[in-house]
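Below, each chain spelled out in residue letters.
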Amino acid sequence: MAAVAGSGGYGENAASLAGQYESITFAQVHRDVLHLFPAPPSRVLDIGAGSGRDAAALARQGHRVTAVEPTEALRIQGRAIHAAVPIAWVDDALPDLAVMCGRGERFDLVLLTAVWMHLDAAERERAMARVAGLLSPGGRVVMSLRHGPVPEGRRMFEVSAEETADLGRRHGLDEVFGCEREDMLGRGDVHWSFLCLERPRASGRSPGGIVGD
């Protein structure tokens, strides 16, 4: 797959980044939103899965997990670290998610952990349409947004939870939860927004995201 603009700086540092990701547990990262996750067994899509920390934790709980990661070096790290865990790794990327959208699958939970801020405004519009189209009725998107200085060599944009929730509504998703919290790595100049969006089980609205829209 061609290089993805938002993934710059990750492949060169895959081993150290994987160690950083794995130093924080799934429960620590998602402590504020765990009550919003579906009961197993459910279909879970982890977009921008990195080292596979979250994908592995969810697979161990009994979920059927697909981990999308566009950076080959991180996929290699993730497969090695979590070799004993049943995760389906896929080389695909936002904003278009061409591989996943082409499969016709639907998911009960889509995770976007520290991913969304890598997309510019036009890419976020396209990506939200694709993500909405990958949700089952009643399915949820749980995402975290990073706020703070952009690390050298990375591509990030300041994106608010309010803007993201508004974009979700335009694609048929309802906001069901939002909160702010400190940085999990103790960086004083970084903080996070956590947001949960849901596709209604019965609605006259039809979210976008089907390939060819």
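The structure under discussion appears in the preceding block.
First, a word on what this report is: a plain description of the structure on this page. (Residues numbered from 1 in each chain as written. Predicted model: local features only at pLDDT ≥ 70, side-chain atom pairs only at ≥ 80, totals over all residues. Heavy atoms only, no water.)

Right, let's talk about the pattern of salt bridges for a bit. It is possible for side chains of opposite charge to pair when their charged atoms get near one another. In this structure the tally under the stated criterion is 18 salt bridges. Put simply, Asp 120 and Arg 155 hold a salt bridge, and the shortest N to O gap is 3.3 Å. Of the two residues, Asp 120 is situated in the loop between strand E4 (107-113) and helix H6 (121-133) and Arg 155 in the loop between strand E5 (135-147) and helix H7 (161-170); the sequence distance between them amounts to 35 residues. Owing to a relative accessible area of 23%, Asp 120 belongs among the partly exposed residues under this scheme. Salt bridges here are not isolated pairs; linked through shared partners, they connect Arg 31, Asp 32, Arg 181 and Glu 182. (Salt bridge = Lys/Arg side-chain N within 4 Å of Asp/Glu carboxyl O. Helix = DSSP H or I, 4+ residues; strand = E, 2+ residues; numbered from the N terminus. Buried < 20%, exposed > 50% of the residue type's maximum accessible area, 1.4 Å probe, protein only.)

It is worth spelling out unusual backbone geometry at this point. Geometrically, the link from Pro 40 to Pro 41 is a cis peptide bond, its omega value of -5° lying close to zero. Structurally, Pro 41 is set in the loop between helix H2 (26-29) and strand E1 (43-47). Cis rather than trans, the peptide bond between Leu 94 and Pro 95 has omega equal to 10°. Position of Pro 95 among the secondary structure elements: in the loop between strand E3 (87-90) and helix H5 (98-103). In the Ramachandran plot, Leu 97 falls in the positive-phi region, its phi being about 45° despite a non-glycine side chain.

The next thing to look at is the side chain of Arg 75. You can see Arg 75 is positioned in helix H4 (residues 72-81). Judged by its relative accessible area of 10%, Arg 75 falls in the buried class. A distance of 2.8 Å separates a polar atom in the side chain of Arg 75 from the backbone oxygen of Glu 69. Among the polar contacts listed, one links the side chain of Arg 75 to the side chain of Asp 91, at a separation of 3.3 Å. (Polar contact = N/O pair within 3.5 Å; in protein donor to acceptor, adjacent residues only side chain to side chain.)

Here the focus is the packing of H6 against H7. Running from amino to carboxyl end, H6 crosses H7 at an angle of 50°, the nearest separation of the two axes being 9 Å. Looking at the two axes, H6 sits oblique to H7. Both H6 and H7 take part in a crossing whose hand is right-handed. Packed against H6, whose contacting residues are Arg 124, Glu 125 and Met 128, the element H7 presents Glu 163, Thr 164, Leu 167, Gly 168 and Arg 170 at the interface. Of the residues that constitute the contact of H6 with H7, the class distribution is two nonpolar, two polar and four charged. (Axes fitted to C-alpha atoms, helices over the stretch in contact; angles between N-to-C directions. Parallel < 35°, antiparallel > 145°, perpendicular 65-115°, else oblique. Left-handed = near helix turned anticlockwise from the far one by under 90°. Contact = heavy atoms within 4.5 Å. Nonpolar A, V, L, I, M, F, W, Y, C, P; charged D, E, K, R; others polar.)

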